[in-house]
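One-letter residues, chain by chain:
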Amino acid sequence: MASRHDAIVLGGGFAGLSAAVALAEKGAKVLVLDKKPHLGGRAYSFSEGGLDVDNGQHLFMGCYLATRRFLETIGTENRLDVYEDVVVDYAEPGGRRDRLSCPSWLPAPLHLAAGLLGLKGVSLGEKTALLAFDRSLKSMKSGPVPDAVEKLTVRQWLTGLGISRNFQTRFFDPAAIGILNDAPEIASAAGFVQALRTMFFSGGKEASRFALAKTGLSELYTDAARDYVEKRGGKVISNAKAAALIEEGGRVVGIKTDMDSRFDAGAVISTLPAWDLKKLALPAALRGPWETLKPAPIVGATLKLDKAVMSERFLGMLNTETHWVFNKSMIHGLKESGQTLAVVISGAHKQIGYSPEKILDAAKRDLSSCIPEFASATVLASKVVKEPFATLSPVPGDEAKRPEPGTGMPGFMFAGDWTRTGFPATIESACVSGQAVAVRL
Ligand SMILES: Cc1cc2nc3c(=O)[nH]c(=O)nc-3n(C[C@H](O)[C@H](O)[C@H](O)COP(=O)(O)OP(=O)(O)OC[C@H]3O[C@@H](n4cnc5c(N)ncnc54)[C@H](O)[C@@H]3O)c2cc1C
């Protein structure tokens, strides 16, 4: 006998849990199924060998409104630190430093303009191109990013605006690769425009603030979301892999797992990444160009050192293989001897094939060259995590392939970070999609 629910949510990451919470808030009895033994999808944490590790450092932004609403609903928004200051420090081999510091007394986006004008490694002549950048961004303040821009890579768009390669390397490239998880030569300008305009032209200064979890990622949301759903009559089941959608009379009425269990519901919401969803037995009506969307990898390493080597919260590393280093001791407020760092390589198409030792060597080499104190530190413990399917690779022409959240067919809705939410495939996109489908039910 099949069990029946108001809605089945496939996937227990940010999108699935935010959909389930929003539905439970409306009084729906929801069933969440995830194939893994733990919740959290592509944003989770674990402990190993004395280290608390996130599967990859995740940066949130003040403009992550749907994410913050989700965390507020489940009662964990206070586990996210939203920093007042908008400051980014950069280090490069040889120890040279630069700083983007956006004055808090200026309104947005003037605070960014002042921050950019203060960069030491970019000449005044190069900075005049900011006028063209500002004009271009303002012309796309809302609505879909024009096709002509979506078809350009980040590199082509910025170069076309007259922004020098040096300026791109020192500010735009680290931002673009962090947001889009692919190189400026690969990623479409669309996602960059979507992110920048939200950060700097919406919601005042709050929107451009950085935010980081004070706890491990799982602790930030997974248990609290599960409790919220289950206390309202829903159920969350792990180790349950969906294998097929069941269609009757042109309507999706439930799902079958790979163990042949059947679950029926008034609606099925999929938050599975495109590359996982396409492996299911699906009604022909759901097949489409979205199946050709491709992932981009991220690799990262957490390192426990015997001594403190950095005083910043995080550092962008320029002209290195490793892109960012985060001071986990400071971010998590750890009272420990030494220091724990997390490094990130985004768009890691090459490094995903490296052994953990080789990734660690690259991280140590870059840290030693950018942070002189690192050279005399001892690495007491380390953990490398490779995420081959980290995010959507946002190549030009792919925006139109992303189905809108909530579309699909009778009884079925697409959701997930990769759906067309108006954001690059991020946590915010995941939560926007989850809350969008809940509104439609
Ligand atoms: C290393 C790394 C760093 C990142 N950094 C950032 C960052 O700094 N800022 C940011 O905003 N975003 C970042 N992201 C992206 C962010 O993690 C994702 O956008 C977000 O977690 C996606 O959530 P989701 O719920 O849409 O998908 P997922 O988290 O992938 O959830 C989908 C779930 O579906 C499950 N599933 C798959 N197939 C099946 C099946 N057949 N049956 C049942 N369940 C199934 C999976 O197990 C998974 O739990 C990063 C991602 C990674 C990997």
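Analysis parameters
Every residue gets a number counted from 1 within its own chain, in the order that chain's sequence is written. For a predicted model such as this one, the threshold for reporting local features is a pLDDT of at least 70, and the threshold for listing and counting side-chain atom pairs is 80 or more; totals across whole chains, interfaces and linings nevertheless cover every residue. To get the side-chain values, take all heavy atoms of the structure and skip hydrogens and water. Under the scheme used here, helices are H or I runs from DSSP no shorter than 4 residues and strands are E runs no shorter than 2 residues, and both carry numbers assigned from the N terminus. For the radius of gyration, the atoms used are the C-alpha atoms, and the globule rule reads 2.2 Å times the number of residues raised to 0.38. Buried means the residue's accessible area, taken with a 1.4 Å probe over protein chains only, is under 20% of the maximum for its type, while exposed means over 50%, and partly exposed covers the values in between. Residue contacts follow a heavy-atom distance rule, with two residues in contact if any of their heavy atoms lie within 4.5 Å. The Shrake-Rupley method, run with a 1.4 Å probe, gives the accessible areas here. Residue values count only the displayed protein chains as cover. The rule for a residue being near a molecule or strand is that one of its heavy atoms must lie within 4 Å of it. By the criterion applied in these results, polar contacts are pairs of N or O atoms within 3.5 Å in which, for protein atoms, one can donate a hydrogen and the other can accept it, and in which residues neighboring in sequence qualify only through two side-chain atoms. Each domain's limits were defined by an automated method or a database of domain assignments. When DSSP locates at least two bridges between a pair of strands, those strands are taken to pair. For this analysis, a ring pair means two rings from Phe, Tyr or Trp (six-membered ring only for Trp) whose centres lie within 6.5 Å, classed as stacked if their planes differ by under 30 degrees, edge-to-face if by over 60, and tilted for the remaining angles. Axis definition: a line fit to C-alpha positions, over the contact stretch in the case of helices; interaxial angles, taken between N-to-C directions, run 0 to 180 degrees. Put simply, angles under 35 degrees are roughly parallel, angles over 145 are roughly antiparallel, angles from 65 to 115 are roughly perpendicular, and the rest are oblique. Handedness of each helix crossing follows the sense of rotation of the near helix against the far helix: counterclockwise by less than a right angle gives left-handed, clockwise gives right-handed. In this count, Pro and Cys sit with the nonpolar residues alongside Ala, Val, Leu, Ile, Met, Phe, Trp and Tyr, while Asp, Glu, Lys and Arg are called charged and the others, Gly among them, polar. Joining two parts hides part of their accessible area as seen by a 1.4 Å probe, and the buried area is that hidden amount summed over both. For salt bridges, the criterion is a side-chain nitrogen of Lys or Arg within 4 Å of an Asp or Glu carboxyl oxygen.

Trainee: I tried to follow the overall build of the chain on my own but got confused; where do I start?
Mentor: Helix and strand counts for the chain come out as 15 helices and 20 strands. Relative to the 2.2 N^0.38 estimate, which gives 22 Å for 441 residues, the radius of gyration of the chain is 22 Å and therefore close to what a compact globule would have. Taking the principal axes of its C-alpha atoms as reference, the chain extends roughly 70 × 50 × 40 Å. Sorting the 441 residues of the chain into buried and exposed places 59% on the buried side. Put simply, of all contacts in the chain between residues at least 6 apart along the chain, 70% involve residues at least 24 apart. When the accessible surface of the chain is totalled, it reaches about 17,500 Å², and 55% of it is carbon and sulfur.

Trainee: Quick question: what am I supposed to make of the site of the ligand here?
Mentor: Taken together, 37 residues surround the ligand, and among them Asp 34, Arg 42, Leu 59, Tyr 64 and Asp 417 come closest. Contacts to the ligand include Ala 15, whose backbone N or O atom sits 2.9 Å from an oxygen atom. The separation between an oxygen atom of the ligand and a polar main-chain atom of Gly 41 is 3.5 Å. With the chains in place, 96% of the 1,000 Å² that the ligand exposes on its own is no longer accessible. Sort the elements by how many residues they give to the shell around the ligand and strand β18 (residues 379–392) lands first, with three residues. Shared between two domains, the shell around the ligand takes at least three residues from each, and those domains are domain 1 (3–51 + 215–291 + 396–440) and domain 3 (295–392).

Trainee: Would you mind going over the sheet that holds strand β5 (residues 60–61) with me for this structure?
Mentor: Two strands in a sheet stick together by hydrogen bonds in their backbones, pointing the same way (parallel) or opposite ways (antiparallel). The three strands are arranged β5-β9-β6 in an open sheet whose pairing can be described as antiparallel. Both edges of this open sheet fall to β5 and β6 (80–82), since each of them pairs with a single strand only. Examined bridge by bridge, β5 and strand β9 (residues 210–213) share two bridges and lie antiparallel to one another. Counterpart to Met 61 in the pairing with β9 is Phe 210.

Trainee: Teacher, can you tell me more about the packing of aromatic side chains here?
Mentor: Here a ring pair, both rings aromatic, is described through the centre-centre distance and the interplanar angle of the planes. Applying the stated criterion to the full structure yields 19 aromatic pairs. With 3.7 Å between their ring centres and 10 degrees between their planes, Phe 14 and Tyr 221 make a pair best called stacked. Residue Phe 14 is found in helix α1 (residues 14–25), and its partner Tyr 221 is found in helix α11 (residues 217–231); the two are separated by 207 residues along the sequence. For the pair Phe 14 and Tyr 221, one class covers both residues: buried. Geometrically, the ring pair formed by Trp 290 and Trp 418 is tilted, given 5.6 Å between the ring centres and 40 degrees between the ring planes. Highlighted residues: Trp 290 in the loop between α12 (274–277) and β14 (295–305) and Trp 418 in the loop between β20 (412–414) and α15 (427–440), separated in sequence by 128 residues.

Trainee: It is not clear to me how the environment of Ile 352 should be interpreted in this structure. Could you clarify?
Mentor: Position of Ile 352 among the secondary structure elements: in the loop between β17 (339–345) and α14 (356–370). Here the alpha-carbon distance between Ile 352 and Ala 187, two residues 165 residues apart in the chain, equals 18 Å.

Trainee: What exactly am I supposed to notice about the packing of helix α2 (residues 65–74) against α11 here?
Mentor: The description of two helices packed together rests on the angle between their axes and the distance between the axes. Here α2 crosses α11 at 55 degrees, and the two axes come no closer than 9 Å. As far as their axial angle goes, α11 and α2 are oblique. α2 and α11 meet at a crossing whose hand is left-handed. Contacts between α2 and α11 involve Phe 70, Leu 71, Thr 73 and Ile 74 on the former and, on the latter, Leu 220, Tyr 221, Ala 224, Ala 225 and Tyr 228. Here the contact of α2 with α11 is composed, by residue class, of eight nonpolar, one polar and no charged.

Trainee: Looking at this structure, how should I read the domain arrangement of the chain?
Mentor: The figure often quoted for interface size is the accessible area lost as the parts come together. Here the domain parsing of the chain yields domain 1 (3–51 + 215–291 + 396–440), domain 2 (104–202) and domain 3 (295–392). Centre-to-centre, using C-alpha coordinates, domain 1 lies 31 Å away from domain 3. Taken together, the contacts link twelve residues of domain 1 with 14 residues of domain 3. Interface area lost by domain 1 to domain 3 is led by Arg 42, Leu 51 and Trp 275, which between them contribute 54%. Put simply, domain 1 and domain 3 have one salt bridge between them. Between Lys 383 and Glu 48 there is a salt bridge, and its shortest N-O distance comes to 3.1 Å. On inspection of domain 1 and its partner domain 3, the count reaches three residue pairs in polar contact (both at pLDDT 80 or more).

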